[in-house]
Amino acid sequence: MSEEKDQDREYLIKFLALGDSGVGKTSLLYQYTDGQFNPRFVPTIGIDFREKRAIHHPLTADGSRSTRGQRVHLQLWDTAGQERFRSLTTAFFRDAMGFLLVFDLTHEQSFLNIRNWLNQLQTHAYCENPDIVLIGNKADLEDQKQVDENEARRLAETLGLKYFETSALSGQNVSESVEALLDQVMKRMENCVDKATLPNNVFNNNPNRGPRLCEVDEANDESQGGCSC
């Protein structure tokens, strides 16, 4: 298969990880893409990103996953949480299709600031109701928790968001949270009639291509590579 045909079969999906500085966004994304925990804390300066290619298997009516899937190329953008970088990071909101909104379970103020981040999303994202997953990170630090799980779940329910408690250290719910966001985004794309309402470059440098999902039959496809969502 030619390189051009490979590109035509693959969706480029951009996610942004948002939240206060120090909540673990970088470690979370590193765990997802590399399956490892990076213990070194280096604050993100402006914007950074990681990449991963995957096969996304849609949910069926009974809640199981289809054996057929679509190729996706995930770009996971890591944003700086510091206020001084805010004007830079918000410039990337409009190109993102989904958002991982992260707070630190051991730092209550990062949880209280969730609504501030949501206000920024409503102002700068590509639409008024973008796909968002709420994440409470550092679940492994049980004895240091300052945010009650029930309280976080109530907030998520009020906001209409899915909620996951994750650990970048152990990998707990890291893949699940990204996959939940990918489920929402792919469903939106599949149901989207007007592709002009989607962010740019979704269809891998082919802007005239309609929002059609290309299925991959894993049983007969030896070239798929990547991981399975």
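Model, not experiment: these values are computed from the prediction.

Engineer: So what about the overall build of the protein chain? Which residues, and what values?
Structural biologist: In terms of regular secondary structure, the protein chain is built from 7 helices and 8 strands. The buried share of the protein chain, reckoned over its 229 residues, is 49%. In the protein chain, once contacts between residues fewer than 6 apart in sequence are set aside, the share between residues at least 24 apart is 75%. For the protein chain, the accessible area works out to roughly 11,700 Å², and carbon and sulfur atoms hold 44% of it.

Engineer: Provide a residue-level description of helix H2 (residues 25–34), including the pertinent values.
Structural biologist: Counting buried positions over the 10 residues of H2 gives 7, a clear majority of the element. Every buried residue of H2 is accounted for by Lys25, Ser27, Leu28, Leu29, Gln31, Tyr32 and Thr33. Just downstream of H2 lies Gly35, where phi reads positive at about 65 degrees.

Engineer: Outline the nonpolar core, listing residues and values.
Structural biologist: Ranked by size, the top nonpolar core spans 27 residues in total, and within it Ile13, Phe15, Val72, Leu74 and Leu100 carry the most contacts. Here this core gets 8 residues from one element, more than from any other, and that element is helix H7 (residues 174–191). With near-sequence residues (within four places) excluded, Val72 lies in contact with Glu10, Tyr11, Ile13, Lys52, Arg53, Ala54, His56, Leu182 and Met186. Formed by 24 residues, the second largest nonpolar core is a distinct cluster that contains Trp77, Phe99, Ala125 and Tyr163.

Engineer: Account for the packing of aromatic side chains, with residues named and values stated.
Structural biologist: Under the criterion given, the structure shown has 2 aromatic pairs. Ring geometry for Phe103 against Phe111: centres 4.9 Å apart, planes inclined by 55 degrees, an arrangement best described as tilted. Phe111 gets classed as buried once you look at its relative accessible area, which sits at 5%. Relative to Tyr163, the ring of Phe103 lies with its centre 6.1 Å away and its plane at 5 degrees, an arrangement referred to as stacked. A residue pair is termed long-range when its members are at least 10 positions apart, and Phe103 in strand S4 (residues 98–104) and Tyr163 in strand S6 (residues 162–165) qualify at 60 residues.

Definitions and cut-offs
Residues numbered from 1 in each chain as written. Predicted model: local features only at pLDDT ≥ 70, side-chain atom pairs only at ≥ 80, totals over all residues. Heavy atoms only, no water. Helix = DSSP H or I, 4+ residues; strand = E, 2+ residues; numbered from the N terminus. Buried < 20%, exposed > 50% of the residue type's maximum accessible area, 1.4 Å probe, protein only. Contact = heavy atoms within 4.5 Å. Areas by Shrake-Rupley, 256 points an atom, 1.4 Å probe, with all protein chains shown as cover. Core = buried A, V, L, I, M, F, W, Y, C linked by side-chain atoms within 4.5 Å. Phe/Tyr/Trp six-rings, centres within 6.5 Å; stacked < 30°, edge-to-face > 60°.

So far we have only geometry, and geometry alone does not tell us how the molecule works.
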